[in-house]
Amino acid sequence: MRKSKIFQFLYGVILAIFIIFGTMLMIRSVELHRGNSFYEQAAEAEKQVSAASVNSTLSIAPAVWTTMPEARECESVLPKINELSLHLSQFVGKYPETAIWLKIPDTSLDYPVMLGKDNQFYLNHLPDGRKSALGSLFLDYRTKEDSVHLIVYGHNGLGGKMFGLLKQYNSRDYFMEHNTLTVATEDSVYVCPIFSVRRVEADSDAYRLEFEDHDSLIRYINQAASESMYQIDVDLEEVTKVLTLSTCTGWPNQRFIVQAVMVCPNM
């Protein structure tokens, strides 16, 4: 009789654990589906803007942070500057905390980047505020309009979602095929040559935001380039900012980062 009660108790505990974990998995699955649907719709909207904006003029909506210093002096060689900037402008109209749009050409990385009040909210929320395990890409909340180092965080998502494809930069061959990033504001597009690919500690100097002057920024870039997994030569003459993409590696205090310089595109 006693053994029967023990068995019933253990059975109940196991059943409860099964129900709890099953519920958690179901919630996660729903959130992932929600996130995938949101970004698929965003991609479709981008295609529609591209098709409709061939002869359009940009209509700039107010935004929390979308124009970088020097941006208005930058002329872009990219044929889709109007399309991408217009798409961003329309996205900002729906989701005001959108800051920039980030793309890696010829890859699936093509996302809005948010700017929240902390570095926690967008870890598990979509741009529209709904919860999702995918979360959003987001700038460090301390970013200002005059910041010279822009740090973008994102999950190392399965199947290359969010910053999941950054792990591909462990391969120099992959880097050679995808050696620039594209950043769009509402009125400009930056072509950003990658200068460093590396693993760092979460509290390392790689996440430094403040620089005394331009020379200090250049020293930071040179140091980061020297610590890259492989040597990358980049012209630093026209550098105005540094862009860092950061994601987790599976180790608690280790991060994988891809860094690029932001320059005004040449005519």
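Nothing here was measured: the structure is a model prediction, and the numbers come from that model.

A. Examining the overall build of the protein more closely. When helices and strands are tallied, the protein shows four helices and eight strands. Each helix and strand of the protein, placed in order from N terminus to C terminus, yields the pattern α-α-β-β-β-β-α-β-β-α-β-β. When the 267 residues of the protein are sorted by exposure, 45% land in the buried category. Residue pairs in contact within the protein that sit at least 24 positions apart in sequence constitute 68% of those at least 6 positions apart. On the protein, roughly 14500 Å² of surface is accessible, and the fraction owed to carbon and sulfur atoms is 55%.

B. Examining unusual backbone geometry more closely. The residue D106 is not glycine, and still its phi comes out positive at about 65°. By secondary structure assignment, the location of D106 is in the loop between β1 (98-103) and β2 (110-114). The exposure class assigned to D106 is exposed, which follows from its relative accessible area of 77%. A positive phi angle, near 55°, is found at M162, a position not held by glycine. Among the secondary structure elements, M162 is positioned in the loop between β4 (149-153) and α3 (172-177).

C. Molecular detail of the sheet that holds β2. Spatially, the eight strands close up into a barrel ordered β1-β2-β3-β4-β7-β8-β6-β5, and their pairing is mixed. Taken over all neighbouring pairs, the strand axes of this sheet differ in orientation by 30° on average, direction set aside. The pairing of β2 with strand β3 (residues 137-139) spans two bridges and is parallel. Note on β3: the bridge partner recorded for V113 is L137. Contacts from helix α4 (residues 214-226) reach β4, β6 (189-201), β7 (239-248) and β8 (254-263), with the element oriented near 40° to β7.

D. Region of interest: the packing of aromatic side chains. Tallied over the entire structure, the rule returns nine aromatic pairs. Ring plane angle 70° and centroid distance 5.2 Å describe the contact between F211 and Y220, whose orientation is recorded as edge-to-face. Residues F211 and Y220 agree in their burial class; the two are buried.

E. The pattern of salt bridges, seen in detail. With the rule as written, the count across this model stands at six salt bridges. Among the ionic pairs, K117 bridges to E97, the shortest N-O distance being 3.2 Å. A residue pair is termed long-range when its members are at least 10 positions apart, and K117 in the loop between β2 and β3 and E97 in the loop between α2 (81-94) and β1 qualify at 20 residues.

F. Spatial organisation of α4. With 13 residues, α4 extends 19 Å between its outermost C-alpha atoms, agreeing within 8% with the 18 Å of an ideal straight helix rising 1.5 Å per residue. Turning to α4, its buried residues are S216, L217, I218, Y220, I221 and A224. In this structure, the buried residues of α4 make contact with β4, β6, β7 and β8.

G. Molecular detail of the nonpolar core. Core analysis: the biggest nonpolar cluster contains 68 residues, and L102, L166, Y169, L181 and I221 have the highest contact counts within it. Setting aside anything within four residues of it in sequence, one finds L166 in contact with I104, L109, L245, T247, F256 and V258.

H. Quick look at the confidence of the model for the protein. Confidence along the protein averages 81 in pLDDT terms, with 71% of residues attaining 70 or more. Scored below 50 in pLDDT, residues 53-65 shows 30 contacts in the model against residues more than four places distant or in partner chains. Confidence over residues 71-81 falls short of pLDDT 50; this stretch has 25 contacts with residues more than four positions distant or in other chains.

Cut-off values and rules
Residues numbered from 1 in each chain as written. Predicted model: local features only at pLDDT ≥ 70, side-chain atom pairs only at ≥ 80, totals over all residues. Heavy atoms only, no water. Helix = DSSP H or I, 4+ residues; strand = E, 2+ residues; numbered from the N terminus. Buried < 20%, exposed > 50% of the residue type's maximum accessible area, 1.4 Å probe, protein only. Contact = heavy atoms within 4.5 Å. Areas by Shrake-Rupley, 256 points an atom, 1.4 Å probe, with all protein chains shown as cover. Pairing = 2+ DSSP bridges. Axes fitted to C-alpha atoms, helices over the stretch in contact; angles between N-to-C directions. Phe/Tyr/Trp six-rings, centres within 6.5 Å; stacked < 30°, edge-to-face > 60°. Salt bridge = Lys/Arg side-chain N within 4 Å of Asp/Glu carboxyl O. Expected span 1.5 Å × (residues − 1). Core = buried A, V, L, I, M, F, W, Y, C linked by side-chain atoms within 4.5 Å. pLDDT = per-residue confidence, 0-100.

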